[in-house]
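Per-entry structural report
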Amino acid sequence: MSLIDQIDSTKLPEHIAIIMDGNGRWAKKRGMLRNLGHKSGAKTVKQVVEACAEINVKYLTLYAFSTENWNRPKIEVELLMKLLISSLKKELETLQKNNIKLTTIGNLELLPKTVYNELTDVIEKTKNNTRLTLSLALSYGSREELIKTIKEISLKVKNNLISPENIDKSVINNHLYTRDLPDVDLLIRTSGEQRISNFLLWQIAYAELYFTEVLWPDFTKENLFEAILNYQNRERRFGKTSEQIN
Ligand code: FPP
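One structure accompanies this document, and this report is about it.

Cut-offs applied
Residues numbered from 1 in each chain as written. Predicted model: local features only at pLDDT ≥ 70, side-chain atom pairs only at ≥ 80, totals over all residues. Heavy atoms only, no water. Core = buried A, V, L, I, M, F, W, Y, C linked by side-chain atoms within 4.5 Å. Buried < 20%, exposed > 50% of the residue type's maximum accessible area, 1.4 Å probe, protein only. Helix = DSSP H or I, 4+ residues; strand = E, 2+ residues; numbered from the N terminus. Contact = heavy atoms within 4.5 Å. Salt bridge = Lys/Arg side-chain N within 4 Å of Asp/Glu carboxyl O. Near = heavy atom within 4 Å. Polar contact = N/O pair within 3.5 Å; in protein donor to acceptor, adjacent residues only side chain to side chain. Areas by Shrake-Rupley, 256 points an atom, 1.4 Å probe, with all protein chains shown as cover. 1 Å grid on protein atoms, 1.4 Å probe; cavity = no way out; pocket = protein on both sides within 12 Å on 5 of 7 lines; lining within 4 Å. Sits in = over half its atoms within 2 Å of the grid points. Nonpolar A, V, L, I, M, F, W, Y, C, P; charged D, E, K, R; others polar. Pairing = 2+ DSSP bridges. Axes fitted to C-alpha atoms, helices over the stretch in contact; angles between N-to-C directions. Lys, Arg positive; Asp, Glu negative; His and termini not counted.

Before going further, it helps to examine the nonpolar core. By size, the foremost hydrophobic cluster in this structure holds 45 residues, and its most contacted members are Ile16, Ile18, Leu60, Leu134, Ile188 and Leu224. For this core, the element with the highest residue contribution is helix H4 (residues 74-97), accounting for eight residues. Judged by nonpolar contacts, the second largest core, of 12 residues, contains Ile19, Ala137, Val184 and Phe199.

Put into structure tokens, the structure is as follows:
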């Protein structure tokens, strides 16, 4: 039986988040410039988005550019921004055809105006799509997101709009970039690194973590299905006992 046929459609992760890692190493292994690794990585993005839509995953969040990535060489940052613009232009039609909504998380104000404009255009055009929500984490850092949240809530407390004793999980959730997304169920990181790198620290509290040696440009639909099958074989207890769950 093929991998896709083994997936239990009643036990799908509602929200998958991916740390797409290994573009640089993929290129280096082939004696190519890092940029060609990112280009190839963009092709993988398309495959994975298609696969999620195919099996009815509702939310997919991709770590495309972190707050720390601004410290990369200027030329690499520029090329990544160009790649983002060209991918958005190229894929708008596919997003529409497949009923996919594009959103973003992160500090978009730091992005070049050209990227910002292209993004807001695609976000606006796809806002009523319902099959899959694709969120791109851009200029995103989880600690910065939490600082922003704390500042916004503090200001509301100061202005008597909220009292400290009413601050609970939902108040925090409602101030995060991810306010419209459910918690992450499955977090995947490619390329063999086993760390979270400042990604969705609050939102992955109960996520299942899946690490694979495969470099992002080599990651296929089948690799995604393997990760989902692995997820489906785990027991998610959310702090309860196995007996309580079953
Ligand atoms: C990590 O690999 C990847 C990135 C920092 C950028 C991710 C970008 C893409 C996959 C392409 C464009 C994205 C979209 C949404 C169209 P790395 O460069 O850190 O690899 P390394 O660890 O091997 O050096």
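Now, onward.
Let us now look at the environment of Ala27. Note on placement: Ala27 falls in helix H2 (residues 23-29). Classification of Ala27 by relative accessible area gives buried; the value is 0%. Taking the C-alpha atoms as reference points, Ala27 and Asn71, separated by 44 residues in sequence, lie 20 Å from one another. Leave out the neighbours within four places in its chain, and Ala27 touches Met32, Leu33, Arg34 and Gly37.

It is possible for side chains bearing opposite charge to pair when their charged atoms get close. Within this structure, the stated rule accounts for 19 salt bridges. Taking the shortest distance from any N to any O, the salt bridge between Arg30 and Asp218 comes out at 3.9 Å. Note that Arg30 is positioned in the loop between H2 and helix H3 (34-55) and Asp218 in the loop between strand S6 (208-211) and helix H8 (221-232), a separation of 188 residues in sequence. According to the relative accessible area criterion, Arg30 is partly exposed, its value standing at 39%. Between Lys221 and Glu54 there is a salt bridge whose closest N-O contact spans 3.0 Å.

Turning to the site of the ligand, a few remarks are in order. Asp21, Gly24, Arg25, Arg34 and Arg72 are the nearest of the 17 residues found near the ligand. Gly24 has a polar backbone atom sitting 3.0 Å from an oxygen atom of the ligand. Its free accessible area being 620 Å², the ligand has 90% of it covered by the protein chains. Because more than half of its atoms lie within 2 Å of the grid, the ligand is assigned to the largest pocket. Looking at the shell around the ligand, the elements that each hand over two or more residues are H2, H3 and H4. Here the element with the most residues in the shell around the ligand is H3; it accounts for four residues. Here the residues of the shell around the ligand are counted per class, giving six nonpolar, seven polar and four charged.

Time to look at the sheet that holds strand S1 (residues 15-19). An order of S3-S4-S2-S1-S5-S6 is seen for the six strands of this open sheet, with the pairing classed as parallel. The open sheet is flanked by strand S3 (100-105) and S6, the only strands paired with a single partner. In this sheet, adjacent strand axes meet at a mean angle of 20° when their direction is disregarded. In the sheet, S1 pairs with strand S5 (residues 186-189) via four bridges, with the strands oriented parallel. Among the inter-strand pairings, Ile19 is bridged to a residue of S5, identified as Arg189. Each of S1, S5 and S6 touches H8; the most contacted strand, S5, lies at about 135° to it.

This part is about the side chain of Glu145. Mapped onto the elements, Glu145 comes out in helix H6 (residues 142-158). Of the side chains bearing the opposite charge, Lys148 lies closest to the buried Glu145, which forms no salt bridge; the N-O distance is 6.8 Å. Looking at Glu145, its side chain comes within polar contact range of the side chain of Tyr140, at 2.5 Å. For Glu145, the residues in contact, after removing those within four places along its chain, are Tyr140, Leu176, Tyr177, Thr178 and Gln203.

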